[in-house]
Amino acid sequence: GRWDEWLTLSRDAEAQAVAERDFLNAGARAYHSGWIHYLRKQSAEVLASAGRAEAYFKEAQADTSGRAFAIRLRGLGHELAGDYRASIAAYREALDLWRSLAYESEGVAIGLNDLAQAERLFGEFRVLRDALRLLHAVEEHEVVHQLDEPLLLAHPEQVLVELEAAVVGLVFLPLQEVFFGRA
């Protein structure tokens, strides 16, 4: 279906970009391939795509945000594989890069959400408070304002689901800016 077509287009575009030594576009296409594999829950393919994206972005001397998204993809691959320690390490690395750009931003919100998810799966909940605080500061979303600390302490799983829903909209704008230079 559509994922197959998107994957084929991404792979072909990646190969063409490499042939033209356009490593920024090659990295973007590798990222897209990895995202499709993530949607399909194929951890090995996600990790391979993340490795290619990171290498291309390094070769292209890509900006910090592009590198952070490639590292985040690596974290997603590790999370799918059940290696939560490795996913937490990758998410922290991506989060540090986003924080170097702006301490309160969509990238930081995405990073905190990813980190909260991985820590939840690993059995920890400490990053949820930071994620909740940042989403209050960054996003004017009705769901976010309904979340509060008593709910966090009583039902951390429910808060994480609500945070994920609120962050979904924050993911696509930064990706458009990173890969296409516009919102």
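In this report, we go over the structure that sits alongside the text. If you're wondering where the values come from, they're calculated on a predicted model, not measured in any experiment.

## With respect to unusual backbone geometry
Step number 1: One non-glycine residue, Arg-21, lies in the positive phi region at around 60°.
Step number 2: A positive phi angle, near 55°, is found at Gln-61, a position not held by glycine.
Step number 3: Locating Gln-61 in the fold gives a position in the loop between α3 (43–59) and α4 (64–81).

## A word on the nonpolar core
Step number 1: Residues Leu-73 and Trp-98 are the most contacted members of the largest nonpolar core, which totals 21 residues.
Step number 2: Counting residues per element, this core draws most heavily on helix α5 (residues 84–101), at seven residues.
Step number 3: Ignoring anything within four residues of it in the chain, the contact list for Leu-73 reads Tyr-31, Gly-34, Trp-35, Val-46, Ser-49 and Ala-50.
Step number 4: Membership of the second largest hydrophobic core comes to nine residues, among which are Phe-23, Tyr-56, Phe-57 and Ala-62.

So, how was this worked out
Each chain has its residues counted from 1, running along the sequence as written. Given that this is a predicted model, residues contribute local features only at a pLDDT of at least 70 and side-chain atom pairs are listed and counted only at 80 or more, while totals for whole chains, interfaces and linings are drawn from all residues. The side-chain values count all of the structure's non-hydrogen atoms but skip hydrogen atoms and water molecules. What counts as a helix is a DSSP run of H or I of at least four residues, what counts as a strand is a run of E of at least two, and both are numbered from the N terminus. The definition of a nonpolar core used throughout is a set of buried Ala, Val, Leu, Ile, Met, Phe, Trp, Tyr and Cys residues joined through side-chain atoms within 4.5 Å. With a 1.4 Å probe rolled over the protein chains alone, any residue whose accessible area is under 20% of its type maximum counts as buried; one over 50% counts as exposed, and the rest are partly exposed. Any two residues whose heavy atoms approach within 4.5 Å are treated as being in contact.

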